Amino acid sequence: MESFADHNLIFLAEPLGPGDEEGTYNLKVLEILKGNYSDSVIIGKYYNSCSQYPRIEDKMWLVYTNHDREDGPIDISDCGLSRSIRFPFLLTDKQTDASLPPPPRNVDYEKNESDWNLQWEIDFTEGKRKALILLQKEIQMIRKKYK
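What counts and what doesn't
Residues numbered from 1 in each chain as written. Predicted model: local features only at pLDDT ≥ 70, side-chain atom pairs only at ≥ 80, totals over all residues. Heavy atoms only, no water. Core = buried A, V, L, I, M, F, W, Y, C linked by side-chain atoms within 4.5 Å. Buried < 20%, exposed > 50% of the residue type's maximum accessible area, 1.4 Å probe, protein only. Helix = DSSP H or I, 4+ residues; strand = E, 2+ residues; numbered from the N terminus. Contact = heavy atoms within 4.5 Å. Phe/Tyr/Trp six-rings, centres within 6.5 Å; stacked < 30°, edge-to-face > 60°. Expected span 1.5 Å × (residues − 1). Pairing = 2+ DSSP bridges. Axes fitted to C-alpha atoms, helices over the stretch in contact; angles between N-to-C directions.

Asker: Describe the nonpolar core, and please don't skip the residues or the numbers.
Answerer: If you look at the biggest cluster of nonpolar residues, it comprises 13 residues, and the most contacted ones within it are Phe11, Leu27, Ile42, Val63, Ile74 and Ile76. Breaking this core down by element, the ones donating at least two residues are strand S1 (9-18), strand S2 (24-34) and strand S4 (61-65). Here this core gets four residues from one element, more than from any other, and that element is S2. The residues touching isoleucine 42, leaving out its near neighbours within four places in the chain, are Leu9, Phe11, Tyr25, Asn26, Leu27, Val29, Tyr37 and Ile74.

Asker: Got a sec to walk through the packing of aromatic side chains? Specific residues and values, please.
Answerer: Applying the stated criterion across every chain yields a total of four aromatic pairs. Ring plane angle 70 degrees and centroid distance 5.0 Å describe the contact between phenylalanine 87 and phenylalanine 89, whose orientation is recorded as edge-to-face. Summarising the aromatic geometry, the rings of tryptophan 120 and phenylalanine 124 are spaced 5.9 Å apart at their centres and angled 45 degrees between planes, so their arrangement reads as tilted. Placement of both tryptophan 120 and phenylalanine 124 in helix H1 (residues 113-146) is noted, with a separation of four residues, approximately one turn of the helix. Ring pairs connect the aromatic residues Phe87, Phe89, Trp120 and Phe124, which therefore count as one cluster.

Asker: So what about H1? Which residues, and what values?
Answerer: With 34 residues, H1 extends 48 Å from end C-alpha to end C-alpha; this agrees with the ideal 50 Å at 1.5 Å per step. For H1, the full list of buried residues reads Trp116, Gly127, Ala131, Leu135, Glu138, Ile139 and Ile142. Looking at the packing, one finds that the buried side of H1 touches S1, S2, S4 and strand S5 (83-84).

Asker: I'd like to hear about the sheet that holds strand S3 (residues 41-45), residue by residue, with values.
Answerer: Think of a sheet as strands paired side by side through backbone hydrogen bonds, with each pair either parallel or antiparallel. Spatially, five strands are ordered S3-S2-S1-S4-S5 in an open sheet, and the strand pairing comes out antiparallel. Every interior strand has two partners, whereas the edge strands, S3 and S5, have only one. Across eight bridges, the pairing between S1 and S2 is antiparallel. Opposite alanine 13, over in S2, you have valine 29 as the bridge partner. Lying on the sheet, H1 is in contact with S1, S2, S4 and S5; it crosses S2 at an angle near 60 degrees.

Asker: Describe the environment of serine 40, listing the residues and the values that go with them.
Answerer: Looking at the secondary structure, you find serine 40 in the loop between S2 and S3. Residue serine 40 is classed as exposed on the basis of its relative accessible area, which comes to 51%. As for serine 40 and aspartate 6, which are separated by 34 residues in sequence, their C-alpha atoms are 23 Å apart. Residues contacting serine 40, with those up to four places away along its chain left out, are Leu27, Lys28 and Val29.

Here it is as structure tokens:
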């Protein structure tokens, strides 16, 4: 897992939808947290299966990337720290408070699918709450360090 120190551009953005070229998307810059970028829109691109493609329904993203003007569109790594507020989980193989919760273990899916589904929703909602709190603290920490 990368750290915020490994990126020269960290920002909050609102997805605006597809870009002009295939596989590209536009992000409205809400706030630059680290680095410099003067335009109000940043173009990103889905380069491969390790890239993310922010969608309008994601509402807001915390984006970590490396970019300079000659690089072209940014890439948002699927394995990095970038994430949306709609799905604020970090996708790592190490379980943390910001990880997607595991499936319920205390309910037998085969015997009672409805109880299992209900428990999954409870665990997911609680996990999302924890991940959002950590995301909020992360943004505050980056602001403090780089502003």
